[in-house]
Amino acid sequence: MASVTYEHVYKRFGDVVAVNDLNIHIEDKEFLVFVGPSGCGKTTSLRLLAGLEEISEGNIYIGDRLVNDVPPKDRDIAMVFQSYALYPHMSVYDNMAFGLKLRKVPKAEIDRRVHEAATILGIEHLLDRKPKQLSGGQRQRVAVGRAIVREPQVFLFDEPLSNLDAKLRVQTRAELSKLHKRLATTFIYVTHDQVEAMTMATRIAVMKDGVLQQVDTPQMLYDHPANVFVAGFIGSPSMNFFDATLVERDGKLEVNSEGFRLEVPEPKATEWRPHAGGEVIFGIRPEHIHHKEYAPPGILGVPLQATVDVIELMGNEIFLYCLTKDNRSFIARVDPRVRAQPGDEVELLVNMENAHIFDPKTEAALAG
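Not measured: the values here are computed from a predicted model.

Novice: What's the story with the overall build of the chain in this structure? I'm lost.
Specialist: Within the chain, the regular secondary structure consists of 9 helices and 20 strands. Seen through its C-alpha atoms, the chain measures out along the principal axes to roughly 80 × 45 × 35 Å. When burial is assessed residue by residue, the chain has 48% of its 368 residues classed as buried. Partitioning the intrachain contacts of the chain with sequence separation of at least 6 by distance along the chain shows that 66% fall at a separation of at least 24.

Novice: Is there a simple way to explain the sheet that holds strand β13 (residues 261-264) in this structure?
Specialist: What holds strands together in a sheet is hydrogen bonding between their backbones, with the strands either parallel or antiparallel. Spatial ordering of the open sheet is given by β13-β12-β11-β14-β20, a layout of 5 strands whose pairing is antiparallel. With partners counted over all chains shown, the strands left at the sheet margins are β13 and β20 (356-358), one partner each. Put simply, the sheet's adjacent strands are angled 40° from each other on average, direction ignored.

Novice: What am I meant to see in empty space enclosed by the protein here?
Specialist: To find leftover empty space, a probe the size of one water molecule is rolled over the atoms. This model, assessed by the stated rule, comprises 1 cavity of 30 Å³ or more. Here the largest cavity defines a volume of roughly 30 Å³. G137, Q140, R141, L168, Q171, T172 and E175 are the residues that line the largest cavity. Taken together, the elements giving at least two residues each to the lining of the largest cavity come down to α4 (136-148) and α5 (166-183). Among the elements that make up the lining of the largest cavity, the one with the highest residue count is α5 (4 residues). Partitioned by chemical class, the residues of the lining of the largest cavity number 1 nonpolar, 4 polar and 2 charged.

Novice: Please explain the side chain of S45 as it appears in this structure.
Specialist: The topology assignment puts S45 in helix α1 (residues 42-50). Judged by relative accessible area, which is 0%, S45 ranks as buried. If near-sequence neighbours (up to four positions away) are discounted, S45 is found in contact with Y6, V19, L22, F34 and M207.

Novice: Could you clarify how one ought to interpret the packing of helix α2 (residues 92-102) against α4 in this entry?
Specialist: Each pair of packed helices gets described by two things: the angle between the helix axes and the distance between those axes. The contact between α2 and α4 brings their axes to 8 Å, and the two run at 30°. Of the possible angle classes, the one that applies to α2 and α4 is roughly parallel. α4 is crossed by α2, and the crossing has right-handed handedness. Counting all contacts with α2, which are made through V92, N95 and M96, the residues of α4 involved are V142, G145 and R146.

Novice: In this structure, what is going on with the packing of α4 against α5? I would like to understand it.
Specialist: At a minimum axis separation of 11 Å, α4 and α5 run at an interaxial angle of 20°. In terms of orientation, α4 and α5 fall into the roughly parallel class. For α4 against α5, the interelement crossing comes out right-handed. Contacts between α4 and α5 involve G136, G137, R141, V144 and I148 on the former and, on the latter, L168, Q171, E175, L179 and L183.

Novice: Help me understand the layout of surface pockets in this model?
Specialist: Taken as a whole, the largest pocket holds about 510 Å³ of empty space. Around the largest pocket, the lining is made up of 22 residues, and of these A78, M79, F81, R146 and R150 lie nearest the centre. Every element with two or more residues in the lining of the largest pocket is listed here: β6 (77-80), α2 and α4. Per-element tally for the lining of the largest pocket: the top contributor is α2, with 6 residues. Of the residues assigned to the lining of the largest pocket, the class counts are 16 nonpolar, 2 polar and 4 charged.

Novice: Explain α5 here, please?
Specialist: Counting along an α-helix, one turn takes 3.6 residues, and residues three or four places apart therefore face a common direction. The end-to-end C-alpha distance of α5, which contains 18 residues, comes to 26 Å, matching closely the 26 Å that a straight helix rising 1.5 Å per residue would cover. Taken residue by residue, α5 has L168, T172, R173, L176, S177, L179 and H180 as its buried positions. Along its buried surface, α5 packs onto β3 (31-35), α3 (107-121), α4, β7 (154-158), β8 (186-191) and α6 (194-200). The positive-phi residue at the C-terminal boundary of α5 is A184, with phi of around 50°.

Scoring rules and cut-offs
Residues numbered from 1 in each chain as written. Predicted model: local features only at pLDDT ≥ 70, side-chain atom pairs only at ≥ 80, totals over all residues. Heavy atoms only, no water. Helix = DSSP H or I, 4+ residues; strand = E, 2+ residues; numbered from the N terminus. Buried < 20%, exposed > 50% of the residue type's maximum accessible area, 1.4 Å probe, protein only. Contact = heavy atoms within 4.5 Å. Pairing = 2+ DSSP bridges. Axes fitted to C-alpha atoms, helices over the stretch in contact; angles between N-to-C directions. 1 Å grid on protein atoms, 1.4 Å probe; cavity = no way out; pocket = protein on both sides within 12 Å on 5 of 7 lines; lining within 4 Å. Points joined across faces, edges and corners; volume = space filled by probe spheres on them. Nonpolar A, V, L, I, M, F, W, Y, C, P; charged D, E, K, R; others polar. Parallel < 35°, antiparallel > 145°, perpendicular 65-115°, else oblique. Left-handed = near helix turned anticlockwise from the far one by under 90°. Expected span 1.5 Å × (residues − 1).

Structure below.
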């Protein structure tokens, strides 16, 4: 098993900087997920580690070994791609064993590894089948099994669930988390789906335009985003943002915007007071805006009047797409017992304990 270290890593394609000064240390046995929108550099970062792309500048270490010039086959990694890339004419057993046969691993050892991996993945009854006889989820398990039999130091996953339907994605997510615990190996995973990242990772690395924005545990990213991009990317639906001003009035701090005024209760006011008098971006997540009748007890709820624009019934919750007095839209994630119709005036409660403020110029978090 091994740790992985990116040290001032750059990747340039002509004038385009795909990875820009990436510095991150991934602990042994950690499950780290690179997440971000398309073109942010997450897959390129993975391919640099795998040796499928050449580093423009910097160093990558697997354990204590510098691997910049080590061929992919000698890096002791195994990669699972979005495409299953199975040989259609071979059985499941032969697909999983093929790489070991090329390495001239003894037949008995190949048989042991293939059956062990198949048992872990629950596909031992499929070993004699061809890929065309398998479902998408089964094919993806075979692709994972092909990686497991190599017994590598590091597993790399490049959006492996993208080709699966929604229900199967949820199921396979749970299986990969259990697999990580069982194998006790370093997993590095790339996805654009922040739900995958939040549910599986021990830490998440959020990237944008080739630059690492923040790396931390899922809960810390959710509670303490470093900037507007991270705050908007982590969480579903994403955080609501409003241009506002922090105003001190009669000894109380307020968030003033065109369509509303929200008093900032203590201790949040003490935390934000150094920024009083300045413009801010005010951020609040939909799940921290409650309908007045069904607000949970004990929250720092500040009233907000709004007009319902669109309603999405989710069964266990309702998404209210609302408008402020100046027609700026935002989302509230409310109790399913709420009875509201488009056009209704509603009184909401904003849980200011979970609110955020950001610098409008740099978009960096200003407090917390």
